[in-house]
Amino acid sequence: MAHATPQGIKLLNGWKRPGRFDKGLGAQLPDAYKKFWREWKLTTPAAVHYIPKESQWERDEVTHAIKPVQNIPLPLIDPPEAHQGIWGGEAVIKGFQKRHQTKRRVPHFWVPQLKRSVVHSHVLNEYMSVVVTERTLEQIHECHGFDHYLLKNLACDLRSALALKLKRQVLQALQQGCPNLADEPKLQKDVLKEYSRYLESYTPEEIDWYGHTYLEAIRKLQNKLREAERVQPHKVEFRSKLIEQLRQAGINEAGSATKLEKPATTAGEHKDSDIEALTKLESPSASSSWLSKINPFGKKET
């Protein structure tokens, strides 16, 4: 039956719904961004809100039956405020709470405790005031610095868009040789010696596409496509051809109009330059009298 269907052998294992990277502009995104997306969204993060069990089997305390261990992560909710701070992998948990023994359970949201703190980046040479959690500060101390915290942890553990953006800026600064520390050559050399080992895991293209959300990546791709397919207006092209033909015909006025071949920045400047170019080409001599007839902006002879 596979050869009798338009989809062919793809239907043997069932119909697969196309994803965001299978059609449209998402299919044109480079492999560097797809690698980051898999690290951010498809990789299992470290357990934060539960304690995973290391064994594969466990015995039930009541029935004494042996059953497999299932470490299922809790469903987490990332509000917009979570991407404006660095929560250290924490998020909002939605569940139910039974507050009284004789009453029905009610919905409840568990929200992490937030605080504003100042972190320092040695690579960027900046102090930043961000909203963090207690777990974020503990991880920064365990990693011996904010830069080490960003560079050691995967995107799925950093979780927030702000942390991923800062990580991309740190990687780009290391790739460029820490330009913010150019005034202190000794400190710049020590920082490069300490943090340059993190660049081995990334290519320049992966660093360029790292830390972007899907919409930001689509906008970046659209800008690159526009720059690659920049279209020149036809009137600029035709004007250049006309001046070149007049120059080959031996008309002296065409040489003075070559300065106007550069495209103007606005439509009004385009129009003014067209009028000026054709007006300069107009001459009362007999050799160019035919040009005044085709110039719609020149003065008509009565």
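Rules behind the numbers
Residues numbered from 1 in each chain as written. Predicted model: local features only at pLDDT ≥ 70, side-chain atom pairs only at ≥ 80, totals over all residues. Heavy atoms only, no water. Helix = DSSP H or I, 4+ residues; strand = E, 2+ residues; numbered from the N terminus. Buried < 20%, exposed > 50% of the residue type's maximum accessible area, 1.4 Å probe, protein only. Contact = heavy atoms within 4.5 Å. Areas by Shrake-Rupley, 256 points an atom, 1.4 Å probe, with all protein chains shown as cover. Pairing = 2+ DSSP bridges. Core = buried A, V, L, I, M, F, W, Y, C linked by side-chain atoms within 4.5 Å. Salt bridge = Lys/Arg side-chain N within 4 Å of Asp/Glu carboxyl O. pLDDT = per-residue confidence, 0-100. Lys, Arg positive; Asp, Glu negative; His and termini not counted. Phe/Tyr/Trp six-rings, centres within 6.5 Å; stacked < 30°, edge-to-face > 60°. Lys NZ or Arg CZ within 6 Å of the ring centre and 35° of its normal. Patch = residues over 30% accessible without salt bridge, like charges linked within 9 Å, V, L, I, M, F, W, Y side chains within 5 Å.

1. Some thoughts on the overall build of the protein
- Counting its secondary structure elements, the protein contains 12 helices and seven strands.
- Burial analysis of the protein (302 residues in total) assigns 33% to the buried set.
- When contacts within the protein are restricted to residue pairs at least 6 apart in sequence, long-range pairs at least 24 apart make up 49% of them.
- Accessible area of the protein: about 20900 Å², with a carbon and sulfur share of 54%.

2. Concerning the sheet that holds strand S3 (residues 76-77)
- Reading across from one edge, S3-S4-S5 is the order of the three strands in this open sheet, with antiparallel pairing throughout. The open sheet has two free edges, formed respectively by S3 and strand S5 (106-110), since each of these has just one partner strand.
- Both S3 and strand S4 (residues 92-97) contribute to a ladder of two bridges, which runs antiparallel. Its bridge partner lying in S4, leucine 76 is registered against isoleucine 93.

3. So, the nonpolar core
- The biggest cluster of nonpolar side chains holds 43 residues, and the ones touching the most others in it are Leu29, Tyr33, Val123, Phe146, Tyr149 and Leu150.
- The element that contributes the greatest number of residues to this core is helix H5 (residues 161-175), accounting for seven residues.

4. Quick notes on the pattern of salt bridges
- Across all of its chains, the model carries nine salt bridges by this definition.
- A salt bridge links lysine 220 to aspartate 208; the shortest N-O distance between them is 2.7 Å. On the criterion of sequence distance, the pair formed by lysine 220 in helix H8 (residues 214-228) and aspartate 208 in helix H7 (residues 204-209) is long-range, its members being 12 residues apart.
- Salt-bridge contacts for lysine 224 lead to aspartate 208; the nearest nitrogen and oxygen are separated by 3.7 Å. Taken together, the residues lysine 224 in helix H8 and aspartate 208 in helix H7 connect sequence positions 16 residues apart.

5. What about the confidence of the model for the protein?
- Confidence along the protein averages 84 in pLDDT terms, with 78% of residues attaining 70 or more.
- Here residues 260-267 is modelled with pLDDT under 50, and outside its nearest four sequence neighbours on either side it reaches 15 contacts, counting other chains as well.
- Low pLDDT, under 50, characterises residues 282-287; the stretch is placed with eight contacts to residues that sit more than four places away or in other chains.

6. Examining the side chain of glutamate 90
- Assignment of secondary structure puts glutamate 90 in the loop between S3 and S4.
- Among buried charged residues, glutamate 90 stands out as having no salt bridge; its nearest opposite-charge side chain is arginine 135, 5.4 Å away.
- Not counting the four nearest positions on each side in its chain, glutamate 90 is found in contact with Val48, His49, Pro112, Thr133, Arg135 and Arg159.

7. A few points about the packing of aromatic side chains
- Scanning the model with the defined rule gives 12 aromatic pairs in all.
- Grouping aromatic residues by their ring pairs yields a cluster made of Phe21, Tyr33, Phe36, Trp37, Trp40, Tyr202, Trp209, Tyr210 and Tyr214.
- A cation sits over an aromatic face here: arginine 20 above tyrosine 214, 4.7 Å from the ring centre.
- Here the guanidinium or amino end of lysine 220 rests over the ring plane of tryptophan 209, the centre of that ring lying 4.6 Å away.

8. Thoughts on the pairing of S4
- Where S4 meets S5, five bridges bridge the pair, whose relative direction is antiparallel. Bridge pairing in S5 places glutamine 97 opposite valine 106.

9. Remarks on a nonpolar patch on the surface
- Taken together, the side chains of Ile77, Phe109 and Val111 present a nonpolar region at the surface, about 280 Å² in accessible area.
- Position of isoleucine 77 among the secondary structure elements: in strand S3.

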